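Understanding the architecture of this molecule
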Amino acid sequence: MPAPDAPGPSPLLVFGPRSTTYDFGPDHPLTPRRFGPGISLLEALGAVPGLAPEPASDDELVWIHEPGYIEAVKALSRNPMGPFRAGIGPGDTPAFAGMHEASAAVAGGSLRAMEAILRGDVIHAFHPGGGLHHAMPARASGFCVYDDPALAIARARRDDMRVMYIDLDVHHGDGVQAIHWGDPGVLTVSIHESGLTLFPGTGFPDELGGGAAIGTKINLPLEAGTGEKGWLAALELVLPALAERFRPEVIVSQHGADAHAFDPLAHLRITTTAMGAASRLIDGLAHRYADGRWLSTGGGGYDVYRVVPRTWSHVWIAATHQELPAELPEPWRERWADDAERNGQAPIPVGFDDEPNAGLQRGPVDDRLDARAVATAQAVLDRALELLPVV
């Protein structure tokens, strides 16, 4: 397989007409508006959608979801005003017409991308509309109906592949962790704002997996206000060491953009610069340990114009081993400037990378938070290496 710094086959970009149908309504934070600026910036970098998501079948969804839950989703999909249940209703995950088909298509997109990787058609695939990591076996949660990363992992496990799942979203990847809790062939690593201050209230270091899988579920909870230095240093400490011990045969990652300093729903202060470095780190691990096999997904991210497109682009740039362009394309910035202004997300930055600390002033508190992030990562890693067998 190509070395991480060499050009390789173009990654598979998963996007199509059904991608924008996963839509909880005009006032919901997870808006399909993100696909306009997000996909158009990827296209400006040379990306061409190559896989249009279609719904996963019920027989596939039951690999990770309870049959009764799927039936509940279908019922509310037909009648969104019906009795609310299974985590679907007013609040984070409201019912909408066609919800089952739209949600199953997200799941199908990640599933078919994984199958393309397993067949050897591609080594990298990117599904920006995927990453719905909160969905549980029998309930929806946190904007997520069906858990597409968990389904893609389940498909790889059917081929007996060891899977390393890396979750960069600001929220704990609780659904993926729960679904694969007892499987020692799935190593999950989630770095997120602490559950003490943010939904879903889980993701602490003592959540290690069940039975034979103890030690394969890794959590790096960070204090509110932690910045890019501590976040990236924690990943650079933990991910290579865990990959060396676990020896994954395929990597699945979730690149939620909501850890960014500009994001309105959380309290970390990460930059696109650090997110890009993390994407390149994951790409390197995929080439070193998994013959390049890497499925990346999107996830959260609620600053649609300044953050989400640049975060997605960093994943694509890492996967294609491109040099980072000096600036965002001016025609793209002009195209989306008015929309960004109307939605209170202006001005659009000039570059793919941010200013240090996203332009925010640093002080002694920031240094202490970053130091505690690294200390947490070291303690978690030490414990994990005690528990994980050498492959």
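Structure first, text after, so check above.
This section reports on the structure supplied with the text. (Residues numbered from 1 in each chain as written. Predicted model: local features only at pLDDT ≥ 70, side-chain atom pairs only at ≥ 80, totals over all residues. Heavy atoms only, no water.)

Below, the discussion takes up the overall build of the chain. Regarding its fold elements, the chain presents eleven helices and eight strands. In terms of overall dimensions, the chain is globule-like: its C-alpha atoms have a radius of gyration of 19 Å, near the 21 Å expected for 391 residues. Counting over 391 residues, the chain shows a buried share of 61%. Taking the contacts inside the chain whose residues are at least 6 apart along the sequence as the reference set, 79% of them involve residues at least 24 apart. Carbon and sulfur atoms form 54% of the exposed surface of the chain, whose accessible area is close to 14,300 Å². Distance from the positive charge centre (30 side chains) to the negative charge centre (50 side chains) of the chain: 3 Å. (Helix = DSSP H or I, 4+ residues; strand = E, 2+ residues; numbered from the N terminus. Rg over C-alpha atoms; globule rule 2.2 N^0.38 Å. Buried < 20%, exposed > 50% of the residue type's maximum accessible area, 1.4 Å probe, protein only. Contact = heavy atoms within 4.5 Å. Areas by Shrake-Rupley, 256 points an atom, 1.4 Å probe, with all protein chains shown as cover. Lys, Arg positive; Asp, Glu negative; His and termini not counted. Charge placed at Lys NZ, Arg CZ, Asp CG, Glu CD.)

On to the packing of aromatic side chains, then. The full count for this structure, using the stated rule, is eight aromatic pairs. Measuring from centroid to centroid gives 6.2 Å for Tyr 22 and Phe 96, while their planes differ by 90°, and the two rings are edge-to-face. Of this pair, Tyr 22 sits in the loop between strand E1 (12-14) and helix H1 (35-44) while Phe 96 sits in the loop between helix H3 (67-78) and helix H4 (99-119), placing them 74 residues apart in sequence. With a centroid separation of 6.0 Å and 85° between ring planes, the pair formed by Tyr 69 and Tyr 146 is classed as edge-to-face. One end of the pair, Tyr 69, is in helix H3; the other, Tyr 146, is in the loop between strand E3 (124-127) and helix H5 (148-158), and 77 residues separate them in sequence. (Phe/Tyr/Trp six-rings, centres within 6.5 Å; stacked < 30°, edge-to-face > 60°.)

Once that is clear, we can look at the sheet that holds strand E5 (residues 186-193). Spatial ordering of the open sheet is given by E2-E1-E3-E8-E7-E4-E5-E6, a layout of eight strands whose pairing is parallel. Only two strands of the sheet have a single neighbouring strand rather than two, namely strand E2 (49-51) and strand E6 (217-222). Neighbour to neighbour, the strand axes of the sheet diverge by 20° on average, direction disregarded. Here strand E4 (residues 163-167) runs beside strand E7 (residues 250-254); their pairing, made up of five bridges, is parallel. Looking at the pairing, Ile 166 lines up with Ser 253 of E7. (Pairing = 2+ DSSP bridges. Axes fitted to C-alpha atoms, helices over the stretch in contact; angles between N-to-C directions.)

Scanning the model with the defined rule gives 22 salt bridges in all. Here Arg 310 makes a salt bridge to Asp 354, at a shortest N to O gap of 2.8 Å. Remark: Asp 354 occurs in the loop between helix H10 (330-342) and helix H11 (364-387) and Arg 310 occurs in helix H9 (residues 308-320); sequence separation between them is 44 residues. Taken individually, Arg 310 and Asp 354 each receive the classification buried, so the pair is uniform in this respect. Counted as one network, the salt bridges with shared partners bring together Glu 60, Arg 112, Glu 115, Arg 155 and Asp 159. (Salt bridge = Lys/Arg side-chain N within 4 Å of Asp/Glu carboxyl O.)

Now for H9. Across its 13 residues, H9 extends 18 Å between first and last C-alpha, which sits within 8% of the 18 Å expected from 1.5 Å per residue. Counting buried positions over the 13 residues of H9 gives 13, a clear majority of the element. One or two steps after H9, the chain reaches His 321, where phi turns positive at roughly 60°. (Expected span 1.5 Å × (residues − 1).)

To continue, consider the nonpolar core. Judged by nonpolar contacts, the single largest core of 67 residues is most densely connected at Met 164, Trp 231, Leu 239 and Leu 242. The contacts of Leu 239, once residues within four sequence positions are left out, are Met 164, Ile 166, Val 189, Leu 281, Ile 282 and Leu 285. Within the second largest apolar cluster, 50 residues are counted, among which are Ala 95, Ala 104, Val 106 and Val 122. (Core = buried A, V, L, I, M, F, W, Y, C linked by side-chain atoms within 4.5 Å.)

What follows is about the pairing of E5. In terms of burial, E5 is largely enclosed, as eight of its eight residues are buried. Pairing geometry for E4 and E5, over five bridges, is parallel. Across the sheet, residue Asp 167 finds its bridge partner in E5, namely Ser 190. Note: E5 against E6, six bridges, orientation parallel. Along E6, the bridge assignment pairs His 192 with Pro 221.

For the pair H3 and H4, the least separation of the axes is 7 Å and the interaxial angle reads 130°. What the angle tells us is that H3 and H4 run oblique. Residues Ile 70, Val 73, Lys 74, Leu 76 and Ser 77 of H3 lie in contact with H4, whose contacting residues are Met 99, His 100 and Glu 101. (Parallel < 35°, antiparallel > 145°, perpendicular 65-115°, else oblique.)

For the rest of this paragraph, the subject is the environment of Ala 318. Looking at the secondary structure, you find Ala 318 in helix H9. A sequence separation of 36 residues divides Ala 318 from Ile 282, and the C-alpha atoms of the two residues are 8.7 Å apart. The contact partners of Ala 318, leaving out residues within four places of it in the chain, are Ser 279, Arg 280, Asp 283 and Trp 294.

Look at helix H7 (residues 228-246) against helix H8 (residues 272-289): their axes get within 10 Å of each other, and the N-to-C directions meet at 5°. The angle between H7 and H8 falls in the class roughly parallel. Between H7 and H8, the contacting residues are Glu 228, Trp 231, Leu 232, Leu 235, Glu 236, Leu 239, Pro 240, Ala 243 and Glu 244 on the first element and Thr 273, Ala 274, Met 275, Ala 277, Ala 278, Leu 281, Ile 282, Leu 285, Arg 288 and Tyr 289 on the second. The class makeup of the residues in the contact of H7 with H8 is 14 nonpolar, one polar and four charged. (Nonpolar A, V, L, I, M, F, W, Y, C, P; charged D, E, K, R; others polar.)

The next thing to look at is the environment of Asp 206. Mapped onto the secondary structure, Asp 206 falls in the loop between E5 and E6. Along the sequence, Asp 206 and Arg 383 sit 177 residues apart, while their C-alpha atoms lie 9.6 Å from each other.

Before going further, it helps to spend a moment on the pairing of E3. As a general feature of sheets, a regular strand has side chains that alternate between the two faces. Burial of E3 is two-sided: the residues His 124 and Phe 126 facing one way and the residues Ala 125 and His 127 facing the other way are all buried. Here E1 pairs with E3 via two bridges, running parallel. Residue pairing in the sheet places Leu 13 in a bridge with Phe 126 of E3. Bridge analysis of E3 against strand E8 (residues 294-297) gives four bridges, and the strand direction is parallel. Along E8, the bridge assignment pairs His 127 with Thr 297.

Functional significance is not addressed by these values, which are geometric in nature.
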